[in-house]
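Architecture and fold: a report
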Amino acid sequence: MRRARPGAPPRGTAERALTSVGAGADFDDGDDFDDGRDGPAADAADGREPRPGQRRQDTEESRLWYITLSVSGAETPLKEVRRGLEQLAHDHPFLLTSRYAGDHAEIRYWEEARDLHDAAAVALRLWGEHRSTAKLPPWEIVGLEVIDRDTYHQRVAEGYGPPPAAPVGVHPY
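Fair warning: this is a prediction, and the values are worked out from it, not measured in the lab. (Residues numbered from 1 in each chain as written. Predicted model: local features only at pLDDT ≥ 70, side-chain atom pairs only at ≥ 80, totals over all residues. Heavy atoms only, no water.)

Regarding the overall build of the protein chain
This is how it is decided: A helix here means a DSSP run of H or I that spans at least four residues, while a strand means a run of E at least two residues long, and both kinds are numbered starting from the N terminus. Per-residue accessibility, obtained with a 1.4 Å probe over protein chains only, is compared with the maximum for each type, and a residue is labelled buried under 20%, exposed over 50%, and partly exposed between these values. Contact definition: two residues touch when any of their heavy atoms are within 4.5 Å.
Across its full length, the protein chain carries 4 helices and 7 strands. The order of helices and strands in the protein chain, counted from the N terminus, is β-β-α-β-α-β-β-α-β-α-β. Every one of the 173 residues in the protein chain was classed for burial, and the buried ones make up 28%. A fraction of 64% describes how many contacts in the protein chain between residues 6 or more apart in sequence connect residues 24 or more apart.

What follows is the structure, given as structure tokens:
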């Protein structure tokens, strides 16, 4: 169905159409119109896209990913590195732990994302997006590991995970 403004289009333009944009999964538009369908399942069975505000049942849910981001660069005073990482932890409250030295650092945290690609993309932007606001050193990302929750727990159970005594927070190597 195509929605358009009633009447003649404005002078000097082709026909203008209004476009519907989905409002999100939790939006209740109060639409009391019953078209005889049973929501997203019926839409999918009919081969139609769900109405705005509805989700298909086969939509992939978000998952938790354990991120380890390694950065490195020119020697920087330890005090500045620590202050920057503490500010990053304040700005990005999901950071679990950061370890640092004068020329490198490692950040570990959980990220919620649909899939590995999304989690990695967010992780790769983290350092650059917070570099100026947290006054982080101008280091580059030199390593990234993204694992799912099950793999993380399996590694911990086998003794290969992060050290169990590593406290949450910002710590020197």
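Observations concerning the pattern of salt bridges
A pair can form between side chains of opposite charge whenever their charged atoms are brought close. As a reminder of what qualifies: Whenever a carboxyl oxygen of Asp or Glu lies within 4 Å of a side-chain nitrogen of Lys or Arg, that contact is scored as a salt bridge.
With the rule as written, the count across this model stands at 8 salt bridges. Across the pair glutamate 106 and arginine 108 runs a salt bridge whose closest N-O atoms are separated by 3.0 Å. For glutamate 106, a relative accessible area of 11% translates into the label buried. Overall, the relative accessible area of 17% leaves arginine 108 in the buried class. Each of Arg99, Glu106 and Arg108 takes part in one network of salt bridges that share partners.

Concerning the packing of aromatic side chains
Two measures describe an aromatic ring pair: the distance that separates the ring centres and the angle between the ring planes. The condition is simple: Note on aromatic contacts: the rings of Phe and Tyr and the six-membered ring of Trp form a pair at centre separations within 6.5 Å, being stacked when their planes are under 30 degrees apart, edge-to-face when over 60 apart, and tilted otherwise.
This structure, assessed with the given rule, holds 4 aromatic pairs. With a centroid separation of 4.9 Å and an interplanar angle of 75 degrees, the aromatic rings of tryptophan 110 and tyrosine 152 are classed as edge-to-face. Of this pair, tryptophan 110 sits in strand β5 (residues 104-113) while tyrosine 152 sits in helix α4 (residues 149-158); the two residues are 42 residues apart in sequence, bridging distant segments of the chain. Tyrosine 152 shares its class with tryptophan 110; the two are buried. When the ring of tryptophan 127 is compared with that of tryptophan 139, the centres are 6.2 Å apart and the planes differ by 5 degrees; the resulting orientation is stacked. With tryptophan 127 in helix α3 (residues 116-130) and tryptophan 139 in the loop between α3 and β6 (140-148), this pair connects stretches of sequence that are 12 residues apart. In this structure, tryptophan 127 and tryptophan 139 share a single accessibility class: buried. Aromatic rings pair up to connect Tyr66, Trp110 and Tyr152 into one cluster.

Overview of the sheet that holds β5
Note the cut-off: By definition, two strands form a pair when at least two bridges between them are found by DSSP. Note on geometry: axes are C-alpha line fits, over the in-contact stretch for helices, and angles between N-to-C directions span 0 to 180 degrees.
Spatially, 5 strands are ordered β6-β3-β5-β4-β7 in an open sheet, and the strand pairing comes out mixed. Only two strands of the sheet have a single neighbouring strand rather than two, namely β6 and β7 (169-172). Averaged over all adjacent pairs, the angle separating strand axes in this sheet is 15 degrees, with direction ignored. As paired strands, strand β4 (residues 95-100) and β5 are joined by 5 bridges and run antiparallel to one another.

Some remarks on the nonpolar core
Note the threshold: Definition of nonpolar core: a set of buried residues of the types Ala, Val, Leu, Ile, Met, Phe, Trp, Tyr and Cys, connected through side-chain atoms within 4.5 Å.
Counting residues in each nonpolar core, the largest one holds 23 residues, and the members touching the most others are Ile67, Leu85, Leu88, Ile107, Tyr109 and Trp127. Within the residue set of this core, elements represented by two or more residues are β3 (63-72), α2 (78-91), β4, β5 and α3. The dominant element in this core, judged by the number of residues it contributes, is α3, at 5 residues. Excluding its chain neighbours within four sequence positions, the residues that come into contact with leucine 85 are Ser98, Tyr100, Ala105, Ile107, Trp127, Leu136 and Val170.

Some points on the environment of alanine 119
Mapped onto the fold, alanine 119 is located in helix α3. For the pair alanine 119 and tyrosine 66, spaced 53 residues apart in sequence, the C-alpha to C-alpha distance is 8.9 Å.

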